[in-house]
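A closer look at the structure
Read off the chains here:
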Amino acid sequence: MRLIFSVTQRISTAYIFRFTTHQNNPLAKTLIPLLSHFTNPRSFFSSPSPSRAMDAKEASATDLKRPREEEDDVTAASMETENGDQIKEPACFSSVIPGWFSEMSPMWPGEAHSLKVEKVLFQGKSDYQDVIVFQSATYGKVLVLDGVIQLTERDECAYQEMITHLPLCSIPNPKKVLVIGGGDGGVLREVARHASVEQIDMCEIDKMVVDVSKQYFPNVAIGFEDPRVNLVIGDGVAFLKNAAEGSYDAVIVDSSDPIGPAKELFEKPFFQSVARALRPGGVVCTQAESLWLHMDIIEDIVSNCREIFKGSVNYAWTSVPTYPSGVIGFMLCSTEGPDVDFKNPVNPIDDSSSKSDGPLKFYNAEIHSAAFCLPSFAKKVIESKAN
């Protein structure tokens with residue numbers, strides 16, 4: 001009778017433990033609960049090998065391979081793909097409940113959010129990050145970058161609609177909009193609802209995210225089909241530095257968390273470039289983390305924005321069930337010029353003008369204003385930065 005304990009490779013900050021035991025093994029009954037409660041499993045993992053990198057052309061629903069590194073007597077975990085093939089599970093799938101995805105990160109230590117996986121649809125590695133798409137049991141298809149959920153079909157509307165319409169409904173007749181990040185195309189879909197918009201520029205660093213989104217999330221990526229969209233694959237920081245001064249009415253920064261390729265999008269020089277690219281009274285909305293988990297990051301963002309933006313500076317938030325803590329925040333700022341009252345929308349959306357995109361699922365004028373109502377602990381910290 002034996003207990004086999006196998007450890008698979010690390011993908012970013014997500015980990016997996018695998019146990020194969022013979023039934024009624026008393027050693028297994030002792031060790032499995034013990035091992036599954038380690039709070040710092042990193043000592044069990046080696047650094048990722050370059051040989052494990054996967055070209056996008058090699059990664060598909062029917063060809064999801066990585067070199068086998070386990071010993072011959074170790075049973076590797078596997079899952080069924082869309083076409084019924086057996087593949088090795090990505091390392092961000094749960095060790096505690098096999099067949100489940102678990103999102104873990106040093107940005108939210110001591111907790112994880114899990115979704116049951118029905119099929120792995122795509123697994124690849126771009127020049128910047130690991131990319132996974134899987135079919136979940138309850139939230140539809142899920143896009144994961146570096147082990148962190150970016151969107152699900154069920155709740156993406158809450159994020160996409162709020163990050164877009166909070167700024168665009170706060171100014172009259174926006175005409176020229178810049179989107180940084182947002183490679184899934186959801187923000188483009190929402191910007192396109194505004195009939196006054198004449199030009200939508202987008203700079204996304206990772207082409208694989210765009211391609212994968214078009215293939216697996218067509219109802220989100222429909223935004224790329226709008227003729228007003230000009231897509232640039234490149235560095236958003238560099239793009240903004242080269243943008244003409246005062247050229248945009250609104251900038252929307254749809255970034256991932258401030259680690260990896262998105263780190264620069266949370267730093268002071270980037271906000272200075274945004275302010276320079278906006279016209280007087282122009283607005284910016286950027287993803288600004290969770291008030292339950294990241295008040296230290298939010299505090300820094302608020303401090304930088306109050307120093308740089310001489311108009312209005314506000315923090316808003318919304319509910320997204322599959323994001324860490326179930327909420328996500330937005331930093332909304334305006335440059336010096338015509339007053340912007342973010343809490344009271346002045347530019348309502350004519351939903352009838354976007355029949356191909358379907359009606360709004362989440363955003364409305366009431367939830368717009370409510371998004372700026374903060375819990376006392378967050379309000380105290382954010383208001384202190386006004387002094």
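Please read these numbers as outputs of a predicted model, since none were measured by experiment.

Moving on, we get to the overall build of the protein chain. Tallying secondary structure elements over the protein chain gives 10 helices and 16 strands in all. Taken across its 387 residues, the protein chain has 54% of its residues classed as buried. Of the contacts formed within the protein chain by residues at least 6 apart in sequence, a portion of 67% connects residues at least 24 apart.

The predicted coordinates ought not to be read in detail in places where the model reports low pLDDT. Confidence along the protein chain averages 79 in pLDDT terms, with 70% of residues attaining 70 or more. In the predicted structure, residues 1-76 sits below a pLDDT of 50 and forms 133 contacts with residues beyond four places in sequence or in another chain.

The end-to-end C-alpha distance of helix α2 (residues 156-168), which contains 13 residues, comes to 18 Å, matching closely the 18 Å that a straight helix rising 1.5 Å per residue would cover. At Met162, α2 shows its strongest bend, of approximately 25°. The element α2 is extensively covered by neighbouring structure, given that 13 of its 13 residues are classed as buried.

For a regular strand, side-chain orientation follows a simple rule: the groups alternate between the two sheet faces. With seven of seven residues buried, strand β13 (residues 248-254) lies mostly within the body of the structure. Bridge count between strand β10 (residues 176-181) and β13: five bridges; the pairing is parallel. Considered in β13, the bridge of Val177 is made with Ala250. Note: β13 against strand β14 (residues 278-287), five bridges, orientation parallel. Following the sheet pairing, Val253 is matched in β14 by Thr286.

Here the focus is the sheet that holds strand β5 (residues 100-103). Strand order in the open sheet formed by five strands is β5-β6-β7-β8-β9, with antiparallel pairing between adjacent strands. Taken across any chain shown, the strands that pair with only one partner, and hence form the sheet edges, are β5 and β9 (148-152). Taken over all neighbouring pairs, the strand axes of this sheet differ in orientation by 50° on average, direction set aside. Sheet topology places strand β6 (residues 113-125) next to strand β7 (residues 130-136); seven bridges connect them, and they run antiparallel. Paired with Lys125 across the two strands is Asp130, which belongs to β7. Of the strands in this sheet, β6, β7 and β8 (141-145) are in contact with helix α4 (residues 207-216), which crosses β6 at around 115°.

One pass over the full model with this rule turns up 10 salt bridges. Asp211 is the salt-bridge partner of Lys207, the closest N and O atoms lying 2.7 Å from each other. Taken together, the residues span about one helical turn, with Lys207 and Asp211 both in helix α4 at a distance of four residues. The class for Lys207 is partly exposed, based on a relative accessible area of 46%. Since its relative accessible area comes to 34%, Asp211 is described here as partly exposed.

Core analysis: the biggest nonpolar cluster contains 36 residues, and Leu166, Val177, Val179, Val191, Phe330 and Leu332 have the highest contact counts within it. Of all the elements in the fold, those that place two or more residues in this core are α2, β10, α3 (186-191), β11 (199-204), β13, β14 and β16 (327-334). Top element by residues in this core is α2. It accounts for six residues. With near-sequence residues (within four places) excluded, Leu332 lies in contact with Leu166, Pro167, Val284, Cys285, Ser312, Val313, Asn314, Ala316, Phe342 and Phe372. The next biggest cluster of nonpolar side chains, apart from the first, holds 35 residues, and it includes Trp108, Phe270, Phe271 and Ile297.

On the basis of which strands lie adjacent, the open sheet formed by seven strands has the order β12-β11-β10-β13-β14-β16-β15 and mixed pairing. Edge positions in the open sheet fall to β12 (229-233) and β15 (313-319), since each of these has one partner strand only. The average undirected angle you get between the axes of adjacent strands in this sheet is 15°.

The N-to-C vectors of helix α7 (residues 268-277) and helix α8 (residues 295-308) enclose an angle of 40°; their axes lie 10 Å apart at closest approach. Viewed along their axes, α7 and α8 form a crossing whose handedness is right-handed. Taking contact as the criterion, the partners of Lys268, Phe271, Gln272 and Ala275 in α7 are, on α8, Ile301, Asn304, Cys305, Glu307 and Ile308. Class assignment of the residues belonging to the contact of α7 with α8 gives a composition of five nonpolar, two polar and two charged.

What follows deals with the packing of α8 against helix α10 (residues 376-384). Two elements in contact, α8 and α10, have axes separated by 9 Å at closest approach and are oriented at 35°. You can see that α8 and α10 cross each other, and the crossing is right-handed. Contacts from Met295, Ile298, Glu299, Val302 and Arg306 in α8 reach Phe377, Ala378, Val381 and Ile382 in α10. For the contact of α8 with α10, the residue count by class is seven nonpolar, no polar and two charged.

Reading the values: the criteria
- Residues numbered from 1 in each chain as written.
- Predicted model: local features only at pLDDT ≥ 70, side-chain atom pairs only at ≥ 80, totals over all residues.
- Heavy atoms only, no water.
- Helix = DSSP H or I, 4+ residues; strand = E, 2+ residues; numbered from the N terminus.
- Buried < 20%, exposed > 50% of the residue type's maximum accessible area, 1.4 Å probe, protein only.
- Contact = heavy atoms within 4.5 Å.
- pLDDT = per-residue confidence, 0-100.
- Expected span 1.5 Å × (residues − 1).
- Bend = angle between axes of the 7 residues up to and from the residue.
- Pairing = 2+ DSSP bridges.
- Axes fitted to C-alpha atoms, helices over the stretch in contact; angles between N-to-C directions.
- Salt bridge = Lys/Arg side-chain N within 4 Å of Asp/Glu carboxyl O.
- Core = buried A, V, L, I, M, F, W, Y, C linked by side-chain atoms within 4.5 Å.
- Left-handed = near helix turned anticlockwise from the far one by under 90°.
- Nonpolar A, V, L, I, M, F, W, Y, C, P; charged D, E, K, R; others polar.

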